[in-house]
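Structural features, examined
Now for the letters of each chain:
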Amino acid sequence: MSFLRTVLNDSVIIRPPGFYIIGFQSFPYISVYFIFLAFVYVVTVLFNCLVICVIAFNHRLHTPKFWAVVNLAVIDVTLNTCTIPSMIKIFLIKDNFIPFNLCLVQMYVYYTFVSLESYALAVLAYDRLIAICFPLRQNSVNTLRSMSCIVGLTWSFALGVTAFTTGIITRLSFCNSLRVFSYFCDYAPVFRLACNDYTMQWFAASFLTVLLLGGPFIFILLSYVTILVTVFRMKSLDSRVKALATCVEHIILVAVFYIPLITIFMIGFYLRLIDPDQRVLSLSLASCLPPCINPIVYSLKTKEIKVRVLALLRKNKIGTDHKKGCKTSGLNVCVLHQKPVAWALFFH
(Lines give C-alpha, C1' and ligand atoms only; values in the text may rest on other atoms or scores of the structure.)
Protein backbone atom coordinates (compact mmCIF):
# COMPACT_ATOMS: atom_id res chain seq x y z
CA MET A 1 0.00 0.00 0.00
CA SER A 2 2.89 2.37 0.72
CA PHE A 3 4.13 1.87 -2.85
CA LEU A 4 0.71 2.72 -4.31
CA ARG A 5 0.42 5.83 -2.13
CA THR A 6 3.83 6.98 -3.31
CA VAL A 7 2.90 6.48 -6.93
CA LEU A 8 -0.55 8.02 -6.79
CA ASN A 9 -0.01 10.91 -4.43
CA ASP A 10 1.69 13.82 -6.21
CA SER A 11 2.22 15.73 -2.97
CA VAL A 12 4.97 13.33 -1.79
CA ILE A 13 6.98 13.51 -5.03
CA ILE A 14 10.29 15.34 -4.52
CA ARG A 15 11.65 16.46 -7.88
CA PRO A 16 15.27 17.67 -7.89
CA PRO A 17 16.54 20.54 -10.06
CA GLY A 18 18.77 18.08 -11.89
CA PHE A 19 21.53 15.47 -11.70
CA TYR A 20 25.33 15.36 -11.83
CA ILE A 21 26.91 12.97 -14.36
CA ILE A 22 30.05 11.54 -12.73
CA GLY A 23 30.89 8.52 -14.92
CA PHE A 24 34.35 9.63 -16.09
CA GLN A 25 35.65 11.61 -13.11
CA SER A 26 38.24 9.05 -12.01
CA PHE A 27 39.09 7.67 -15.45
CA PRO A 28 42.77 8.13 -16.50
CA TYR A 29 43.71 9.60 -19.91
CA ILE A 30 40.23 11.05 -20.21
CA SER A 31 41.36 13.75 -22.66
CA VAL A 32 42.56 11.11 -25.15
CA TYR A 33 39.23 9.30 -24.90
CA PHE A 34 37.19 12.42 -25.58
CA ILE A 35 39.35 13.30 -28.60
CA PHE A 36 38.58 9.80 -29.85
CA LEU A 37 34.86 10.34 -29.20
CA ALA A 38 34.94 13.60 -31.19
CA PHE A 39 36.50 11.70 -34.11
CA VAL A 40 33.86 8.96 -33.79
CA TYR A 41 31.06 11.53 -33.88
CA VAL A 42 32.43 13.31 -36.97
CA VAL A 43 32.79 9.99 -38.81
CA THR A 44 29.28 8.95 -37.71
CA VAL A 45 27.66 12.10 -39.08
CA LEU A 46 29.68 12.28 -42.32
CA PHE A 47 29.41 8.64 -43.37
CA ASN A 48 25.78 8.16 -42.39
CA CYS A 49 24.80 11.37 -44.22
CA LEU A 50 26.79 10.14 -47.22
CA VAL A 51 24.89 6.83 -47.22
CA ILE A 52 21.55 8.65 -46.89
CA CYS A 53 22.35 11.05 -49.76
CA VAL A 54 23.67 8.33 -52.08
CA ILE A 55 20.52 6.24 -51.60
CA ALA A 56 18.12 9.20 -51.71
CA PHE A 57 19.48 10.62 -54.98
CA ASN A 58 19.70 7.30 -56.86
CA HIS A 59 16.37 5.87 -57.92
CA ARG A 60 17.94 2.46 -58.56
CA LEU A 61 18.58 2.19 -54.84
CA HIS A 62 14.97 2.90 -53.91
CA THR A 63 14.39 -0.71 -52.83
CA PRO A 64 13.16 -2.23 -49.55
CA LYS A 65 16.72 -3.20 -48.53
CA PHE A 66 18.13 0.29 -48.96
CA TRP A 67 15.10 1.89 -47.34
CA ALA A 68 15.99 -0.23 -44.29
CA VAL A 69 19.62 0.94 -44.60
CA VAL A 70 18.48 4.60 -44.63
CA ASN A 71 16.39 3.89 -41.54
CA LEU A 72 19.48 2.51 -39.79
CA ALA A 73 21.59 5.52 -40.85
CA VAL A 74 19.07 8.02 -39.43
CA ILE A 75 18.97 6.06 -36.17
CA ASP A 76 22.78 5.98 -35.98
CA VAL A 77 23.14 9.75 -36.36
CA THR A 78 20.48 10.47 -33.73
CA LEU A 79 21.82 7.90 -31.27
CA ASN A 80 25.33 9.35 -31.19
CA THR A 81 24.05 12.93 -31.28
CA CYS A 82 22.11 12.45 -28.03
CA THR A 83 25.18 11.33 -26.04
CA ILE A 84 28.57 12.28 -27.53
CA PRO A 85 28.10 16.11 -27.69
CA SER A 86 26.94 16.17 -24.05
CA MET A 87 29.92 14.03 -23.01
CA ILE A 88 32.32 16.37 -24.82
CA LYS A 89 30.59 19.39 -23.24
CA ILE A 90 31.13 17.95 -19.77
CA PHE A 91 34.83 17.49 -20.56
CA LEU A 92 35.40 20.91 -22.16
CA ILE A 93 33.28 23.13 -19.89
CA LYS A 94 33.68 21.02 -16.73
CA ASP A 95 29.93 21.32 -16.15
CA ASN A 96 28.44 17.92 -15.40
CA PHE A 97 25.05 19.20 -14.19
CA ILE A 98 22.00 18.32 -16.31
CA PRO A 99 18.53 19.76 -15.49
CA PHE A 100 15.82 17.28 -14.56
CA ASN A 101 13.64 17.77 -17.67
CA LEU A 102 16.65 17.67 -20.00
CA CYS A 103 17.75 14.49 -18.24
CA LEU A 104 14.41 12.87 -19.08
CA VAL A 105 14.66 14.03 -22.70
CA GLN A 106 18.16 12.54 -23.09
CA MET A 107 17.04 9.33 -21.40
CA TYR A 108 14.02 9.07 -23.69
CA VAL A 109 15.94 9.76 -26.91
CA TYR A 110 18.79 7.41 -26.05
CA TYR A 111 16.66 4.40 -25.14
CA THR A 112 14.26 5.00 -28.01
CA PHE A 113 17.06 4.93 -30.55
CA VAL A 114 18.94 2.05 -28.94
CA SER A 115 15.69 0.10 -29.25
CA LEU A 116 15.26 1.28 -32.85
CA GLU A 117 18.84 0.23 -33.62
CA SER A 118 18.04 -3.26 -32.42
CA TYR A 119 14.81 -3.40 -34.42
CA ALA A 120 16.53 -1.93 -37.52
CA LEU A 121 18.98 -4.85 -37.49
CA ALA A 122 16.03 -7.23 -37.20
CA VAL A 123 14.36 -5.52 -40.18
CA LEU A 124 17.52 -6.01 -42.25
CA ALA A 125 17.54 -9.68 -41.20
CA TYR A 126 13.93 -9.94 -42.41
CA ASP A 127 14.98 -8.47 -45.77
CA ARG A 128 17.75 -11.09 -46.15
CA LEU A 129 15.37 -13.85 -45.05
CA ILE A 130 12.81 -13.01 -47.75
CA ALA A 131 15.47 -12.47 -50.44
CA ILE A 132 17.21 -15.82 -49.85
CA CYS A 133 14.46 -18.14 -48.64
CA PHE A 134 11.59 -16.83 -50.81
CA PRO A 135 13.26 -15.35 -53.92
CA LEU A 136 10.25 -15.93 -56.21
CA ARG A 137 7.91 -14.07 -53.86
CA GLN A 138 10.35 -11.32 -52.89
CA ASN A 139 8.91 -8.65 -55.21
CA SER A 140 5.36 -9.30 -54.05
CA VAL A 141 6.03 -9.77 -50.30
CA ASN A 142 8.92 -7.43 -49.58
CA THR A 143 7.86 -4.19 -51.25
CA LEU A 144 8.62 -0.57 -50.42
CA ARG A 145 5.15 -0.21 -48.97
CA SER A 146 5.43 -3.27 -46.73
CA MET A 147 8.94 -2.26 -45.62
CA SER A 148 7.67 1.25 -44.81
CA CYS A 149 4.87 -0.26 -42.71
CA ILE A 150 7.33 -2.47 -40.81
CA VAL A 151 9.70 0.44 -40.16
CA GLY A 152 6.78 2.64 -39.10
CA LEU A 153 5.54 -0.01 -36.65
CA THR A 154 8.98 -0.35 -35.05
CA TRP A 155 9.19 3.43 -34.62
CA SER A 156 5.69 3.65 -33.14
CA PHE A 157 6.34 0.79 -30.73
CA ALA A 158 9.74 2.08 -29.57
CA LEU A 159 8.49 5.66 -29.14
CA GLY A 160 5.44 4.55 -27.17
CA VAL A 161 7.13 2.01 -24.90
CA THR A 162 10.06 4.31 -24.08
CA ALA A 163 7.65 7.17 -23.33
CA PHE A 164 5.98 4.97 -20.70
CA THR A 165 9.25 3.87 -19.07
CA THR A 166 10.61 7.42 -19.02
CA GLY A 167 7.32 8.84 -17.74
CA ILE A 168 7.24 6.64 -14.65
CA ILE A 169 10.58 8.13 -13.55
CA THR A 170 8.59 11.28 -12.67
CA ARG A 171 6.75 9.26 -9.99
CA LEU A 172 9.97 8.87 -7.98
CA SER A 173 11.22 11.11 -5.18
CA PHE A 174 14.90 12.08 -5.09
CA CYS A 175 15.83 13.24 -1.64
CA ASN A 176 19.36 11.84 -1.29
CA SER A 177 22.24 11.72 -3.77
CA LEU A 178 21.87 13.29 -7.23
CA ARG A 179 25.13 11.84 -8.64
CA VAL A 180 24.51 9.57 -11.64
CA PHE A 181 27.41 7.16 -12.15
CA SER A 182 27.20 6.82 -15.92
CA TYR A 183 28.22 8.65 -19.09
CA PHE A 184 24.74 10.14 -19.63
CA CYS A 185 21.40 10.39 -17.81
CA ASP A 186 21.06 6.62 -17.62
CA TYR A 187 17.80 4.93 -16.63
CA ALA A 188 18.90 2.41 -13.99
CA PRO A 189 21.50 4.64 -12.25
CA VAL A 190 18.84 7.37 -12.02
CA PHE A 191 15.99 5.33 -10.55
CA ARG A 192 18.38 3.72 -8.04
CA LEU A 193 18.91 7.19 -6.55
CA ALA A 194 15.23 7.41 -5.56
CA CYS A 195 14.29 7.38 -1.88
CA ASN A 196 10.92 5.70 -2.44
CA ASP A 197 10.02 2.33 -3.93
CA TYR A 198 11.27 1.88 -7.52
CA THR A 199 9.97 -1.66 -8.07
CA MET A 200 7.88 -0.59 -11.08
CA GLN A 201 10.89 1.10 -12.73
CA TRP A 202 13.11 -1.93 -12.08
CA PHE A 203 10.52 -4.29 -13.56
CA ALA A 204 10.03 -2.04 -16.60
CA ALA A 205 13.79 -1.85 -17.20
CA SER A 206 14.24 -5.63 -16.90
CA PHE A 207 11.23 -6.57 -19.02
CA LEU A 208 11.88 -4.04 -21.76
CA THR A 209 15.57 -4.98 -22.02
CA VAL A 210 14.45 -8.46 -22.95
CA LEU A 211 11.67 -7.18 -25.22
CA LEU A 212 13.61 -4.46 -27.07
CA LEU A 213 17.03 -6.11 -27.28
CA GLY A 214 16.50 -9.81 -26.68
CA GLY A 215 13.45 -10.13 -28.94
CA PRO A 216 15.08 -8.73 -32.11
CA PHE A 217 18.29 -10.69 -31.40
CA ILE A 218 16.36 -13.98 -31.16
CA PHE A 219 14.53 -13.12 -34.40
CA ILE A 220 17.89 -12.46 -36.11
CA LEU A 221 19.27 -15.80 -34.91
CA LEU A 222 16.19 -17.69 -36.10
CA SER A 223 16.36 -15.87 -39.45
CA TYR A 224 19.94 -16.98 -40.01
CA VAL A 225 19.15 -20.55 -39.00
CA THR A 226 16.44 -20.55 -41.68
CA ILE A 227 18.81 -18.90 -44.17
CA LEU A 228 21.53 -21.50 -43.52
CA VAL A 229 19.07 -24.36 -43.96
CA THR A 230 17.93 -22.86 -47.27
CA VAL A 231 21.49 -22.20 -48.45
CA PHE A 232 22.72 -25.73 -47.74
CA ARG A 233 19.81 -27.12 -49.73
CA MET A 234 21.06 -25.29 -52.81
CA LYS A 235 22.75 -27.64 -55.28
CA SER A 236 25.23 -25.13 -56.70
CA LEU A 237 28.24 -24.09 -54.59
CA ASP A 238 28.35 -20.80 -56.46
CA SER A 239 24.74 -20.06 -55.47
CA ARG A 240 25.54 -20.81 -51.83
CA VAL A 241 28.51 -18.44 -51.82
CA LYS A 242 26.53 -15.66 -53.50
CA ALA A 243 23.63 -16.02 -51.06
CA LEU A 244 25.88 -15.94 -48.00
CA ALA A 245 27.91 -13.03 -49.42
CA THR A 246 24.81 -10.82 -49.34
CA CYS A 247 24.60 -11.36 -45.57
CA VAL A 248 28.20 -10.50 -44.66
CA GLU A 249 27.68 -6.80 -43.95
CA HIS A 250 24.58 -7.49 -41.84
CA ILE A 251 26.35 -10.17 -39.79
CA ILE A 252 29.16 -7.69 -39.06
CA LEU A 253 26.65 -5.08 -37.86
CA VAL A 254 24.88 -7.59 -35.63
CA ALA A 255 28.18 -8.73 -34.10
CA VAL A 256 29.37 -5.15 -33.49
CA PHE A 257 26.10 -4.16 -31.78
CA TYR A 258 25.10 -7.22 -29.77
CA ILE A 259 28.33 -8.96 -28.72
CA PRO A 260 29.71 -6.07 -26.59
CA LEU A 261 26.32 -5.44 -24.93
CA ILE A 262 25.74 -9.12 -24.14
CA THR A 263 29.33 -9.56 -22.88
CA ILE A 264 29.15 -6.51 -20.59
CA PHE A 265 25.73 -7.57 -19.30
CA MET A 266 26.82 -11.16 -18.58
CA ILE A 267 30.12 -10.19 -16.90
CA GLY A 268 28.71 -7.24 -14.98
CA PHE A 269 25.30 -8.55 -13.95
CA TYR A 270 25.93 -12.24 -13.30
CA LEU A 271 29.65 -12.58 -12.60
CA ARG A 272 30.11 -9.06 -11.15
CA LEU A 273 33.78 -9.10 -12.17
CA ILE A 274 33.87 -5.80 -14.02
CA ASP A 275 35.13 -2.60 -12.39
CA PRO A 276 32.52 0.22 -12.32
CA ASP A 277 34.80 2.60 -14.27
CA GLN A 278 35.52 -0.10 -16.83
CA ARG A 279 31.80 -0.82 -17.11
CA VAL A 280 31.01 2.82 -17.92
CA LEU A 281 33.83 2.96 -20.47
CA SER A 282 32.77 -0.32 -22.08
CA LEU A 283 29.13 0.70 -22.27
CA SER A 284 29.99 4.06 -23.82
CA LEU A 285 32.15 2.36 -26.46
CA ALA A 286 29.48 -0.29 -27.12
CA SER A 287 26.95 2.51 -27.60
CA CYS A 288 29.03 4.95 -29.67
CA LEU A 289 31.04 2.68 -31.99
CA PRO A 290 28.25 0.77 -33.86
CA PRO A 291 26.70 3.97 -35.35
CA CYS A 292 30.20 4.91 -36.56
CA ILE A 293 31.02 1.49 -38.00
CA ASN A 294 27.64 0.72 -39.63
CA PRO A 295 27.86 3.16 -42.59
CA ILE A 296 31.51 2.23 -43.23
CA VAL A 297 30.60 -1.46 -43.41
CA TYR A 298 27.70 -0.81 -45.77
CA SER A 299 29.78 1.54 -47.91
CA LEU A 300 32.61 -0.97 -48.31
CA LYS A 301 30.68 -4.25 -48.39
CA THR A 302 27.58 -3.28 -50.40
CA LYS A 303 28.38 -3.18 -54.09
CA GLU A 304 25.59 -0.77 -55.07
CA ILE A 305 26.58 1.88 -52.51
CA LYS A 306 30.29 1.46 -53.21
CA VAL A 307 29.75 1.94 -56.95
CA ARG A 308 27.71 5.11 -56.40
CA VAL A 309 30.23 6.57 -53.95
CA LEU A 310 33.13 5.83 -56.32
CA ALA A 311 31.16 7.42 -59.16
CA LEU A 312 30.61 10.51 -57.04
CA LEU A 313 34.31 10.74 -56.15
CA ARG A 314 35.30 10.15 -59.78
CA LYS A 315 32.89 12.88 -60.83
CA ASN A 316 34.51 15.35 -58.46
CA LYS A 317 38.00 14.40 -59.62
CA ILE A 318 37.06 14.72 -63.29
CA GLY A 319 35.38 18.05 -62.60
CA THR A 320 38.44 19.39 -60.79
CA ASP A 321 40.85 18.24 -63.51
CA HIS A 322 38.58 19.59 -66.21
CA LYS A 323 38.36 23.02 -64.58
CA LYS A 324 42.13 23.16 -64.27
CA GLY A 325 42.47 22.33 -67.95
CA CYS A 326 39.93 25.00 -68.88
CA LYS A 327 41.71 27.65 -66.85
CA THR A 328 45.01 26.70 -68.45
CA SER A 329 43.60 26.91 -71.98
CA GLY A 330 41.47 29.97 -71.23
CA LEU A 331 38.28 28.27 -72.43
CA ASN A 332 35.52 28.98 -69.91
CA VAL A 333 32.85 27.43 -72.14
CA CYS A 334 33.92 23.87 -71.34
CA VAL A 335 32.66 24.27 -67.77
CA LEU A 336 29.16 24.41 -69.17
CA HIS A 337 29.56 21.00 -70.79
CA GLN A 338 31.00 19.39 -67.71
CA LYS A 339 28.00 19.62 -65.37
CA PRO A 340 25.46 17.42 -67.22
CA VAL A 341 28.05 14.65 -67.57
CA ALA A 342 28.92 14.85 -63.88
CA TRP A 343 25.30 14.75 -62.75
CA ALA A 344 24.66 11.85 -65.11
CA LEU A 345 27.36 9.85 -63.35
CA PHE A 346 25.74 10.49 -59.98
CA PHE A 347 22.05 10.09 -60.76
CA HIS A 348 22.27 7.33 -63.32
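Right above here is the structure, for reference.
All of the points below concern the structure found in this document.

Thresholds, definitions, all that
- Residues numbered from 1 in each chain as written.
- Predicted model: local features only at pLDDT ≥ 70, side-chain atom pairs only at ≥ 80, totals over all residues.
- Heavy atoms only, no water.
- Pairing = 2+ DSSP bridges.
- Helix = DSSP H or I, 4+ residues; strand = E, 2+ residues; numbered from the N terminus.
- Contact = heavy atoms within 4.5 Å.
- Axes fitted to C-alpha atoms, helices over the stretch in contact; angles between N-to-C directions.
- Phe/Tyr/Trp six-rings, centres within 6.5 Å; stacked < 30°, edge-to-face > 60°.
- Buried < 20%, exposed > 50% of the residue type's maximum accessible area, 1.4 Å probe, protein only.
- Patch = residues over 30% accessible without salt bridge, like charges linked within 9 Å, V, L, I, M, F, W, Y side chains within 5 Å.
- Areas by Shrake-Rupley, 256 points an atom, 1.4 Å probe, with all protein chains shown as cover.
- Salt bridge = Lys/Arg side-chain N within 4 Å of Asp/Glu carboxyl O.
- Core = buried A, V, L, I, M, F, W, Y, C linked by side-chain atoms within 4.5 Å.

1. What about the sheet that holds strand 1 (residues 18-21)?
- Taken in spatial order, the three strands make up an open sheet running 2-1-3, and their pairing is mixed. Across the chains shown, the open sheet's two edge strands, defined by having one partner strand only, are strand 2 (97-99) and strand 3 (179-180).
- Two strands pair when backbone bridges link them, and strand 1 and strand 2 are joined in this way by three bridges, in the antiparallel orientation. Along strand 2, the bridge assignment pairs tyrosine 20 with phenylalanine 97.
- Against the sheet, helix 5 (residues 100-133) makes contact with strand 1 and strand 2, and its axis sits at roughly 90° relative to strand 2, the strand it touches most.

2. With respect to the packing of aromatic side chains
- In the structure shown here, the tally under the stated rule is 19 aromatic pairs.
- Arranged with centres 6.1 Å apart and planes meeting at 45°, the rings of tyrosine 111 and phenylalanine 184 form a pair that is tilted. Of this pair, tyrosine 111 sits in helix 5 while phenylalanine 184 sits in the loop between strand 3 and helix 8 (187-191), placing them 73 residues apart in sequence.
- Given a relative accessible area of 27%, tyrosine 111 falls into the partly exposed group.
- On the basis of relative accessibility, which here comes to 2%, the residue phenylalanine 184 falls in the buried class.
- With 5.5 Å between their ring centres and 75° between their planes, tyrosine 187 and phenylalanine 191 make a pair best called edge-to-face. Taken as a pair, tyrosine 187 and phenylalanine 191 lie in helix 8 at a separation of four residues, close to a single helical turn.
- Residue classification places phenylalanine 191 among the buried positions, given a relative accessible area of 1%.
- Grouped by ring-pair contacts, the aromatic residues Tyr110, Tyr111, Tyr183, Phe184, Tyr187, Phe191 and Tyr198 constitute a single cluster.

3. As for a nonpolar patch on the surface
- Residues Phe157, Trp202, Phe203, Phe207 and Leu211 make up a contiguous nonpolar surface patch of roughly 510 Å² in combined accessible area.
- Broken down by element, the residue count for the nonpolar patch peaks at four residues, all from helix 9 (residues 199-232).
- Note on placement: phenylalanine 203 falls in helix 9.
- Classification of phenylalanine 203 by relative accessible area gives exposed; the value is 53%.

4. Quick word on the nonpolar core
- Counting 62 residues, the largest nonpolar core has Phe24, Tyr183, Ile220 and Ile227 as the members making the most contacts within it.
- For this core, the elements supplying multiple residues, two or more each, are helix 2 (30-56), helix 3 (64-81), helix 4 (84-93), helix 5, helix 7 (144-167), helix 9, helix 11 (248-271) and helix 12 (276-301).
- When near neighbours in sequence (up to four residues on either side) are disregarded, phenylalanine 24 contacts Ile30, Tyr33, Phe34, Met87, Tyr183, Val280, Leu281 and Ser284.
- Core analysis: the next-biggest nonpolar cluster, separate from the first, contains 21 residues, Met107, Leu178, Phe191 and Ala204 among them.

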